[in-house]
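Tertiary structure, described
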Amino acid sequence: MRQQTSFLFDLDGTLVDSVYHHVMAWREALDAEGIELSVWRIHRKIGMSGGLFTNMLLRETGLDISDERVERLRRRHAEAYNRHSEQSVPLPGARELLAWLTEAGIPWAIATSGRMETARPVLENLGVDFDKVPVVTRDQVKYAKPDPDLFLAAAEKLGVPIERAHVVGDSVWDMLAAQRARALGVGFLSGGYGQDELERAGAYRVFEDPADMLLHIDEVGGRR
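Fair warning: this is a prediction, and the values are worked out from it, not measured in the lab.

Rules of the game
Residues numbered from 1 in each chain as written. Predicted model: local features only at pLDDT ≥ 70, side-chain atom pairs only at ≥ 80, totals over all residues. Heavy atoms only, no water. 1 Å grid on protein atoms, 1.4 Å probe; cavity = no way out; pocket = protein on both sides within 12 Å on 5 of 7 lines; lining within 4 Å. Points joined across faces, edges and corners; volume = space filled by probe spheres on them. Nonpolar A, V, L, I, M, F, W, Y, C, P; charged D, E, K, R; others polar. Core = buried A, V, L, I, M, F, W, Y, C linked by side-chain atoms within 4.5 Å. Buried < 20%, exposed > 50% of the residue type's maximum accessible area, 1.4 Å probe, protein only. Helix = DSSP H or I, 4+ residues; strand = E, 2+ residues; numbered from the N terminus. Contact = heavy atoms within 4.5 Å. Pairing = 2+ DSSP bridges. Axes fitted to C-alpha atoms, helices over the stretch in contact; angles between N-to-C directions.

1. Here we look at empty space enclosed by the protein
Think of a ball as big as a water molecule: rolled over the atoms, this probe shows where empty space is left. Under the counting rule described, the total for this entry stands at one cavity of 30 Å³ or more. In this structure, the largest cavity occupies an estimated 60 Å³ of space. Around the largest cavity, the lining residues are Asp10, Asp12, Val19, His43, Ile46, Gly47, Asp170, Ser171, Gly191 and Tyr193. Per-class residue counts for the lining of the largest cavity are three nonpolar, four polar and three charged.

So this is what it looks like as structure tokens:
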């Protein structure tokens, strides 16, 4: 019997055009705390957990960031992002790709390093049925990307072997997490990382966006 594949999707920058909304929300949170950091440096960290984000921030600024300040930053980011979450629209082909997989009987889930407080409005805008689609957020795992926990938990919820799953994401953090989970990595250019960066991090296929992946679904084992 043919071994069926499955797909574990990142959310921001992979299914939804929201990376730069997160960047500006972090910029607003940092400005409120009097922390100067260039926008391009913030962008390079989108996709990893908020905790690792602040750890790297500490290294780059040399600031002493207390637990209280970390929590304030997280809260300010969530508040800023949620004010603009209605602008985070699905990427081209996202709904169509998920509908095709569902119709083909191919299991899929969503695993995001965002917390449910910021992910829920975006997931609802994407049309995700929480009663039918496994969704794993930062709130549900001990460590987020580049650790593999999110994708391991998503595979477990789907009831599929992680070794036969494709992790689909737009950042190097997704691809590193895929490698550590022993899953195949598929990269999207829709989050701002280049093809060479994604491939160096472990992507064996790179597409422009969900529409491009659907057009070439046979290349990643998609079969009806």
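2. Comments concerning the nonpolar core
Phe7, Phe9, Ile110 and Met213 are the most contacted members of the largest nonpolar core, which has 31 residues in total. Mapped onto this core, the elements with two or more residues apiece are strand S1 (6-9), helix H4 (67-83), helix H5 (94-103), strand S2 (108-111), helix H6 (116-126) and strand S5 (184-188). Sorting elements by how many residues they give to this core places H5 first, with five residues. In this view, Ile110 contacts Phe9, Leu11, Leu15, Leu123, Leu126, Val128, Pro134, Val135 and Val136; residues no more than four positions away in its chain are not counted. Ala111, Val136, Ala155 and Ala178 belong to the second-largest nonpolar core, a separate cluster that totals 18 residues.

3. Digging into the layout of surface pockets
Roughly 270 Å³ of internal volume is contained in the second largest pocket. Lining the second largest pocket we find 16 residues, and of these Leu98, Ala99, Thr102, Trp108 and Val133 sit closest to its centre. The biggest single contributor to the lining of the second largest pocket is H5, with five residues. Looking at the lining of the second largest pocket residue by residue, the classes come out as 11 nonpolar, two polar and three charged.

4. What about the sheet that holds strand S6 (residues 203-207)?
One open sheet accounts for six strands, arranged S3-S2-S1-S4-S5-S6; its pairing is parallel. Because the sheet does not close on itself, it has two edges, and the strands there are strand S3 (135-136) and S6. Pairing of S5 with S6 involves four bridges; the strand directions are parallel. When the sheet's bridge partners are listed, Val186 is paired in S6 with Arg205. The strands that H5 touches are S1 and S2; relative to S1, the one it contacts most, it runs at about 150 degrees.

Geometry only, nothing functional implied.
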